[in-house]
Amino acid sequence: MDLWLNLSWLIVITSVISLILSILKQPILVSYIISGILLSPFGLNIVKPNPVLEIFSELGLILLLFLLGLEMNPEILQHVGKPSIIAGLLQLFLTTLIGWPLVKIFNFSHLESILIAFALSLSSTAVMVKLFSDAKILYSLAGQISIGYLLIQDLVVFIMMTLFAKTITNFLSFLGYLSILFITFLIGEFLFNKFIFSKFNKNYELNFLLTIAWLFIVVSSYKIIGLPVEIGSFLAGLSLASSSIHREMIYKLKPLRDFFVMIFFVLIGTKVNLISKELILPAFILSFFVLIINPLIVYPILRRLKYSPRVSFIASLAVSQTSEFSIIFLSLLNKIGYISEKTISLIVFITLVTFLISSYLIIYHHKLYWRFWHRYIIKDKKDKEEKKLGHNRIKIILLGADRTGESFLENINLENNEILLVDFNPEKVRYWSQKGYQILLHDVADPESLHSLPFSRAEIVISTIPDLELNLDLLKLTKQAGSKFISIATNENESKILKMAGADFVVVPHKTAGHLIAKEIKNFLNHENINNWR
C-alpha cells in the first residue's frame, strides 16, 4: 500500500506542478525536480523511502542512457559536421579551463574543482531540442549547429564516465575492461543487428521484447561483474544504433523512458538537501557563469567559423544551462567517492536556476538579439565580400544555396558570373566559391544585410527561403529596384498572399511535386509511352 500511495502522490503532485510550469514556459525537468523538493522532508514530506521506487528511478536512468546510445546513429554524427565538432570540443575545454580556478576559490579541492567545472560545461540536448522546437528555430542553421555540438558533448561525457568508471574495477585490468566494452558492442552489432533483427525485422512486438531483453542482459551482467550500469546501458543502445529497426524501437521506448525518467528526477529532488549558507554565494556566481560566460565562449568560436552574428548569438544560447548529465555524471563520481553529497546539491540548484532563466533567453531570443546584442555589441555591420563583386549587371540573385537552390544551379544554363548566390551557411559559401560562383555570406533575416544586397543590378531575384514575412520584405525591395521576383511558399495561402503583393511567380513545392507525379503516371498509363518511362 505504501508503494501505491507514494507513487500516486508522486504522479499527481508532479502532474500539477508540471501543468503550472508548462503554462509559465518552463522545461519539464524543472517541474520534476521542484516536485521532488515539494514531496521531500523539506516540503510536504509525503513520499517515503521505498526500494521499488529506487528501482524505478534507476530504470529511468538506464533507459535515458540506452536511448541516447540508440539515437547516436553514425549518420547523425557525420551530419553535425566540422563546425559543431570544433565548437563542442572547444567550448568544453575552455569552460572547464576557465571554470576550474573560479570553483577553486570556494575551497573545493583541485580534483573536485575540475570535475565541477566540467559538469558546468555540459548542456542539455533534450531541453534545448524542446525549447528550440517551441521557439520554431530547431531546424534553422543555428538549431542544427547547436544540436550538433550538444551531441558532441553527450559523446564526451560518456567517454569521461567510462574513464572514471575503470577505477572501481579493481579485479580487472584496464585491457580487460576495454575488452568487455568491446564484446558488448560486438554482440549487439552482430548477433542482434546482423542476425536476429534482419530475420524478424517485420515483427515489431518481438523486436521490442528482444531489445528490452538485450538491455537487461547487459545491465544485469555489468552489475554482476561490478561495472557501472550507466556505461552498459549506453553501450547496449549504441550497439543497436545502426540496426534497421532502431527508429521503431526509439518511438516505442520513448514513452517508457519518459515515465521512469520522471521518477528519477523527482527522487533526485526529494534527496536534495537545502544548500548551506556557505554554498549560496558559489551557487549564484556559478549560475551566472553558466548563463553568461558559457555563451560568451561559444559566440566568438562560431564567429571565427564565419557564421553571422545572429546565427552565432542564437546558437550560443544553447549552452546557457547545465545538463541532466551534469547531475548523472557527478552522481556516478559520488558513488566512487570523488565528490560529496553537498556538491550534488550545488549542481542540482545551479541546474534549476539555469533551466529557469535559459528557457526565457531562448523564448525571447529575437528581442534579446535586436534590442540588446545587435544594438550595443555588434560593430562590424557590413560584409567584406561585397567589395569583391564589382559593379557589373547580373542576371540572377539566388537567395539560399541549399537543396532547392542547388537543384536550380544544376539545371540552369548560365555562366557562373551571371548569378550571385547569397547564403548564411559558411560551409555552403566555401562549397560554391570553390565551384567558381560569386557568393555572399549574408544573413538575410538581418535587415541591414538585406538592404545591403545589390538588387538593382539583377534582372531576377529568386528566394528559396520558405519564410512568408521575409519573402514579402524581399519582394518590396526587389520591386523598388525594378527586378522580377520568384519565390517559394509553403502552402496555397502564402502563395496567394505573395502573388497579390506582386510576386511574378510563386512555387509551392508539394503542389509542383504532385503535378510532376501525375504527369509521369499519365505517361505510364499511356501504353504507347510505357517503354519510355523512367
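Here the structure is shown first, and the text comes after it.
Reading the values: the criteria
Position numbers for residues count from 1 along each chain, tracking the sequence in the order it is written. Per-residue local features of the predicted model are confined to residues with pLDDT of at least 70, and side-chain atom pairs are confined, for both listing and counting, to 80 or more; whole-chain, interface and lining totals are unaffected and use all residues. In computing side-chain properties, one takes all heavy atoms of the structure into account and sets aside hydrogens as well as water. By the criteria applied, helices consist of DSSP H or I runs no shorter than four residues and strands consist of E runs no shorter than two, each listed in order from the N terminus. A simple rule labels every residue: compare its accessible area, found with a 1.4 Å probe on the protein chains alone, to the largest value its type can have, and call it buried under 20%, exposed over 50%, or partly exposed in between. Note on contacts: a residue pair qualifies if any of its non-hydrogen atoms lie within 4.5 Å across the two residues. For the accessible areas, the method is Shrake-Rupley and the probe is 1.4 Å, while residue cover comes only from the protein chains on display. Here, axes are lines fitted to C-alpha atoms. For helices the fit covers the stretch in contact, and angles between N-to-C directions go from 0 to 180 degrees. Reported orientations rely on four angle classes, namely roughly parallel under 35 degrees, roughly antiparallel over 145, roughly perpendicular from 65 to 115, and oblique for the rest. In a left-handed crossing the near helix is turned counterclockwise from the far helix by less than a right angle, and in a right-handed crossing that turn is clockwise. Classification convention: Asp, Glu, Lys, Arg as charged; Ala, Val, Leu, Ile, Met, Phe, Trp, Tyr, Cys, Pro as nonpolar; all other residues, Gly among them, as polar. For our purposes a nonpolar core is just a set of buried Ala, Val, Leu, Ile, Met, Phe, Trp, Tyr and Cys residues, chained together by side-chain atoms within 4.5 Å. Between any two strands, pairing holds if DSSP finds at least two bridges. Between the rings of Phe, Tyr and Trp (Trp by its six-membered ring), a pair exists once the centres lie within 6.5 Å; its type follows the angle of the planes, with under 30 degrees stacked, over 60 edge-to-face, and the other angles tilted. Two thresholds decide whether a charge sits over a ring: the Lys NZ or Arg CZ must be within 6 Å of the ring centre and within 35 degrees of the ring normal. Candidates for patches are residues over 30% relative accessible area with no salt bridge; among them, like charges are joined within 9 Å and nonpolar side chains (Val, Leu, Ile, Met, Phe, Trp, Tyr) within 5 Å. By salt bridge we mean one thing: a side-chain nitrogen of Lys or Arg within 4 Å of a carboxyl oxygen of Asp or Glu. The path from the first strand over the helix to the second decides the hand: if it runs clockwise while the strands point away from the viewer, the crossover is right-handed.

1. A word on the overall build of the protein
So, step 1. What the protein contains, in helices and strands, is 23 helices and 6 strands.
So, step 2. Sorting the 534 residues of the protein into buried and exposed places 50% on the buried side.
So, step 3. Taking the intrachain contacts of the protein between residues at least 6 apart in sequence as the baseline, contacts between residues at least 24 apart amount to 70%.
So, step 4. A total of about 26700 Å² of accessible surface is found on the protein, and carbon and sulfur atoms cover 64% of it.

2. Some points on the packing of helix α2 (residues 28–39) against helix α16 (residues 341–363)
So, step 1. For the pair α2 and α16, interaxial distance at closest approach is 10 Å and the crossing angle is 135 degrees. The angle between α2 and α16 places the two elements in the oblique class. By crossing handedness, the relation of α2 to α16 is classed as left-handed. Along the contact surface, α2 presents L29, V30, I33, I34 and I37, while α16 presents V348, L352, F355 and L356.
So, step 2. Taken together, the residues of the contact of α2 with α16 sort by class into 9 nonpolar, no polar and no charged.

3. Describing the packing of helix α6 (residues 110–121) against helix α15 (residues 324–336)
So, step 1. In contact at an axis separation of 9 Å, α6 and α15 are set at 155 degrees when each is read in the N-to-C sense. When the axes of α6 and α15 are compared, the pair comes out roughly antiparallel. As α6 runs across α15, the sense of the crossing is right-handed. On α15, the residues that touch L115, F118 and A119 of α6 are S326, F329, L330 and L333.
So, step 2. Here the residues of the contact of α6 with α15 sort into 6 nonpolar, 1 polar and no charged.

4. Brief notes about the nonpolar core
So, step 1. Ranked by internal contacts, the top residues of the largest apolar core, which has 122 residues, are L120, M128, F265 and F329.
So, step 2. Considering each element in turn, this core owes the most residues, 13 residues, to helix α8 (residues 141–165).
So, step 3. With near-sequence residues (within four places) excluded, L120 lies in contact with T95, V103, L286, F289, V290, N294, T322, I347 and I350.
So, step 4. Residues L450, F455, F485 and A489 belong to the second largest nonpolar core, which totals 23 residues.

5. Some details on the sheet that holds strand β3 (residues 438–441)
Neighbouring strands of a sheet are bound in pairs by backbone hydrogen bonds; such pairs are parallel or else antiparallel.
So, step 1. With respect to topology, 6 strands assemble into an open sheet ordered β3-β2-β1-β4-β5-β6, the strand pairing being parallel. Edge strands, defined here as strands with exactly one partner in the open sheet, are β3 and β6 (505–507). Geometrically, the sheet is characterised by an average inter-axis angle of 15 degrees between neighbouring strands, direction not taken into account.
So, step 2. In this sheet, β3 lies alongside strand β2 (residues 419–423) in parallel orientation, the contact comprising 4 bridges.

6. Notes on the environment of L346
So, step 1. As for its position among the elements, L346 is in helix α16.
So, step 2. Along the backbone, L346 and P282 are 64 residues apart, and their C-alpha atoms lie at a distance of 8.4 Å.

7. Some points on the packing of aromatic side chains
So, step 1. Tallying each qualifying case throughout the model produces 13 aromatic pairs.
So, step 2. Taken together, a centroid distance of 4.8 Å and an interplanar angle of 80 degrees make the contact between Y369 and W370 edge-to-face. Of the two residues, Y369 and W370, both sit in the buried class.
So, step 3. Positioned above the aromatic ring of Y431, the side-chain terminus of K428 is 5.7 Å from the ring centre.

8. Thoughts on a nonpolar patch on the surface
So, step 1. Together, V12, V16, I20, L24, Y360, I363 and Y364 make up a nonpolar patch on the protein surface, roughly 600 Å² of accessible area in all.
So, step 2. Broken down by secondary-structure element, the contributors of at least two residues to the nonpolar patch are α1 (2–23) and α16.
So, step 3. When residues in the nonpolar patch are grouped by element, the largest group, 3 residues, is from α1.
So, step 4. In this fold, V12 is placed in helix α1.
So, step 5. A relative accessible area of 47% means that V12 is categorised as partly exposed.

9. A few points about the pairing of strand β5 (residues 484–488)
Two faces make up the sheet, and in a regular strand the side chains alternate between them.
So, step 1. Where strand β4 (residues 458–463) meets β5, 4 bridges bridge the pair, whose relative direction is parallel. Its bridge partner being in β5, I460 is matched across the sheet by K484.
So, step 2. Taken together, β4, helix α21 (residues 468–480) and β5 form a β-α-β motif whose crossover is right-handed.
So, step 3. Sheet topology places β5 next to β6; 3 bridges connect them, and they run parallel. When the bridges of β6 are listed, I488 appears paired with V507.
So, step 4. What joins β5 to β6 is helix α22 (residues 492–501), and the crossover it makes is right-handed.

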